[in-house]
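# Secondary and tertiary structure notes
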There are 2 protein chains.
Amino acid sequence: MRLTTKGRYAVTAMLDLAIHSHCDPISLAEISKRQEISLSYLEQLFSKLRQAELVVSVRGPGGGYKLSRSLDDIFVAQIVDAVNESIDATSCQGKGNCQHGEVCLTHHLWSDLSDQIHHFLSGISLEKLVDRGDVKSISQRQNNVALEDVDHEDLNQSDLRVIQTSHTA
Amino acid sequence: MRLTTKGRYAVTAMLDLAIHSHCDPISLAEISKRQEISLSYLEQLFSKLRQAELVVSVRGPGGGYKLSRSLDDIFVAQIVDAVNESIDATSCQGKGNCQHGEVCLTHHLWSDLSDQIHHFLSGISLEKLVDRGDVKSISQRQNNVALEDVDHEDLNQSDLRVIQTSHTA
DNA sequence: CCAATAACCAAGTAATTTAGTCAACTATAT
DNA sequence: ATATAGTTGACTAAATTACTTGGTTATTGG
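Residues numbered from 1 in each chain as written. Chains lettered and ligands numbered in written order. Predicted model: local features only at pLDDT ≥ 70, side-chain atom pairs only at ≥ 80, totals over all residues. Heavy atoms only, no water.

Under the annotation held in an unreviewed UniProt entry, chain A carries the name Fe-S cluster assembly transcriptional regulator IscR and is attributed to Candidatus Endobugula sertula.

Written out as structure tokens, the structure reads:
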């Protein structure tokens with residue numbers, strides 16, 4: 001069963017994208033700053049998210065990533081699936097060959113658990129998350145922190161503008 | 001989120017114990033043989049299971065482990081908790097300090113998921129598992145295999161008796 | 001009593017995975 | 001042209017898992 005920082009990072013980044021994306025693509029650099037996830041690591045994750053057709057990329061200046069479809073059509077389970085190979089709790093990846101080609105004693109238990117988890121995460125869309133009160137307030141806090149960080153850095157005016165518009169748009 | 005071979009082994013071993021324990025304690029060597037789990041590894045796991053008071057040990061010849069209480073009072077969640085430090089899906093172990101002492105954007109999602117998993121596994125007792133048809137048939141298969149293995153080894157008559165009685169009792 | 005049994009315990013280790021770095025390359029907007 | 005930002009691959013440090021090794025203690029049947 002794999003559900004570690006990798007899957008959490010992916011969902012967090014996608015939720016960040018969902019909150020801040022309106023028309024312009026969002027760069028990984030912005031997500032990296034707000035969610036404090038290594039840029040290079042985000043690149044790896046978004047490579048998989050793109051392969052899973054959950055996001056589309058726009059290259060070049062002003063580029064970034066956009067969600068491939070509407071918020072109510074992207075589910076947490078899909079995101080986790082895209083970066084982890086599965087959220088399967090069995091040792092045999094559901095194949096049922098855990099003990100000499102046959103199922104082990106607890107195979108069905110883990111299979112049932114996998115179904116439960118998958119069902120739960122499949123029911124949660126990005127839209128649902130974005131609409132949550134706690135998510136809204138946490139996002140607002142992150143925006144403020146991000147703006148403070150900008151003050152402490154030696155950025156030029158255009159950098160600042162990009163970050164501010166993505167917050168307030 | 002930790003739910004790997006470790007937790008699976010622990011549950012499998014406990015279920016094996018539940019199936020075969022009637023009055024006499026069951027040695028880890030027997031469980032090791034039937035479930036194909038390294039004996040030394042089982043020792044480590046049972047050390048934790050004993051600390052969690054899920055099993056009691058009997059030392060010396062004829063010794064082994066017994067469940068500390070009845071089958072309907074031991075739940076899968078307790079077993080996993082005993083060997084993994086938690087089945088928590090959050091990155092902060094539920095403390096809510098995932099981002100600079102405050103909750104991260106997806107904290108509540110993982111917290112909810114943890115509750116779901118815990119609730120599911122808390123509802124499954126060893127008794128429920130033992131009563132399942134698939135568990136019964138798999139256990140029977142394992143007994144047959146264990147007996148075949150005995151034939152291939154150079155064991156004395158008393159060894160054979162111990163294993164057979166534990167199967168049929 | 002004593003030897004066999006089986007739990008107990010600590011330390012070490014190989015393999016795997018995660019999380020992240022580094023260095024290059026490609027497409028595109030200004 | 002040049003800066004931006006995605007794309008890709010290889011590589012690495014740290015952590016964790018899944019063991020192994022080598023003991024020690026307690027208990028029991030002979």
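Text resumes after the structure shown.
Across its full length, chain A holds 8 helices and 2 strands. Mapped from its N terminus to its C terminus, chain A presents α and β elements in the order α-α-α-β-β-α-α-α-α-α. Out of the 169 residues in chain A, the part that is buried amounts to 47%. Carbon together with sulfur atoms contributes 47% to the accessible area of chain A, which is approximately 8300 Å² in total. (Helix = DSSP H or I, 4+ residues; strand = E, 2+ residues; numbered from the N terminus. Buried < 20%, exposed > 50% of the residue type's maximum accessible area, 1.4 Å probe, protein only. Areas by Shrake-Rupley, 256 points an atom, 1.4 Å probe, with all protein chains shown as cover.)

Next up on the list: the protein's contact with DNA strand D. What surrounds DNA strand D is a group of 27 residues, the closest being Ser57 and Tyr65 of chain A together with Thr5, Gln44 and Arg59 of chain B. Atoms of DNA strand D within 4 Å of the protein: sugar and phosphate make up 63%, bases the balance. Between DNA strand D and Tyr9 of chain B there is a distance of 2.8 Å, counted from a phosphate oxygen to a side-chain nitrogen or oxygen. Looking at the surface near DNA strand D, the elements with two or more residues in it are helix H3 (39-51), strand E1 (55-58) and strand E2 (64-67) of chain A together with helix H1 (5-20) and helix H3 (39-51) of chain B. Broken down by class, the residue content of the surface near DNA strand D amounts to 8 nonpolar, 13 polar and 6 charged. (Near = heavy atom within 4 Å. Polar contact = N/O pair within 3.5 Å; in protein donor to acceptor, adjacent residues only side chain to side chain. Nonpolar A, V, L, I, M, F, W, Y, C, P; charged D, E, K, R; others polar.)

Moving on, we get to the protein's contact with DNA strand C. Taken together, 26 residues are adjacent to DNA strand C, and Thr5, Lys6 and Arg59 of chain A together with Ser57 and Tyr65 of chain B come closest. Here, DNA strand C places atoms within 4 Å of the protein, and 60% of those atoms are sugar or phosphate. In the environment of DNA strand C, a phosphate oxygen lies 2.8 Å from a nitrogen or oxygen atom belonging to the backbone of Lys6 of chain A. Between DNA strand C and the protein, one listed contact pairs a phosphate oxygen with a side-chain N or O atom of Tyr41 of chain A at 3.3 Å. Across the surface near DNA strand C, the residue classes tally to 7 nonpolar, 13 polar and 6 charged.

Residues and elements named next belong to chain A. Looking at where Phe75 falls in the secondary structure, it is placed in the loop between E2 and helix H4 (76-83). Residue Phe75 is classed as partly exposed on the basis of its relative accessible area of 22%. Sequence-wise, Phe75 and Cys104 are 29 residues apart; in three dimensions their C-alpha atoms are separated by 31 Å. Residues in contact with Phe75, not counting those within four places in the same chain, are Leu121, Ser122, Gly123, Ile124 and Ser125. (Contact = heavy atoms within 4.5 Å.)

It is worth spelling out the packing of helix H2 (residues 28-35) of chain A against H3 of chain A at this point. Geometrically, a packed helix pair is captured by the angle between its two axes and the distance between the axes. Residues and elements named next belong to chain A. Remark: H2 packs on H3, axes separated minimally by 9 Å, with the N-to-C direction vectors making an angle of 120°. Taken together, the axes of H2 and H3 are oblique relative to one another. For the pair H2 and H3, the sense of crossing is right-handed. Touching Leu28, Ala29, Ile31 and Ser32 of H2 are Leu39, Leu42, Glu43 and Phe46, all from H3. Of the residues contributing to the contact of H2 with H3, the split by class is 6 nonpolar, 1 polar and 1 charged. (Axes fitted to C-alpha atoms, helices over the stretch in contact; angles between N-to-C directions. Parallel < 35°, antiparallel > 145°, perpendicular 65-115°, else oblique. Left-handed = near helix turned anticlockwise from the far one by under 90°.)

With that settled, the discussion passes to the confidence of the model for chain A. All names here are of chain A. Looking at chain A as a whole, its pLDDT mean stands at 84, while 83% of the residues score no less than 70. Considering each helix and strand of chain A separately, the mean pLDDT is smallest for helix H8 (residues 157-168), with a value of 35, and largest for helix H6 (residues 126-131), with 97. With pLDDT under 50 throughout, residues 151-169 is counted as low confidence; its partners more than four residues away or in other chains account for 17 contacts. (pLDDT = per-residue confidence, 0-100.)

Let's shift gears to the interface of chain B and chain A. Taken together, the contact pairs 43 residues of chain B with 43 residues of chain A. With both chains or domains summed, chain B and chain A bury close to 3700 Å², and 64% of this area falls on carbon and sulfur atoms. Asp112 of chain A is the partner of Arg132 of chain B in a salt bridge, and the nearest nitrogen-oxygen pair spans 3.2 Å. Of all the secondary structure elements, the ones that give two or more residues to the side of chain B that touches chain A are H1, helix H2 (28-35), helix H4 (76-83), helix H5 (107-122) and helix H7 (133-152) of chain B. Per-element accounting of the side of chain B that touches chain A gives the leading share, 9 residues, to H5 of chain B. Looking at the side of chain B that touches chain A residue by residue, the class counts come to 21 nonpolar, 13 polar and 9 charged. (Buried area = accessible area lost by both parts, 1.4 Å probe. Salt bridge = Lys/Arg side-chain N within 4 Å of Asp/Glu carboxyl O.)

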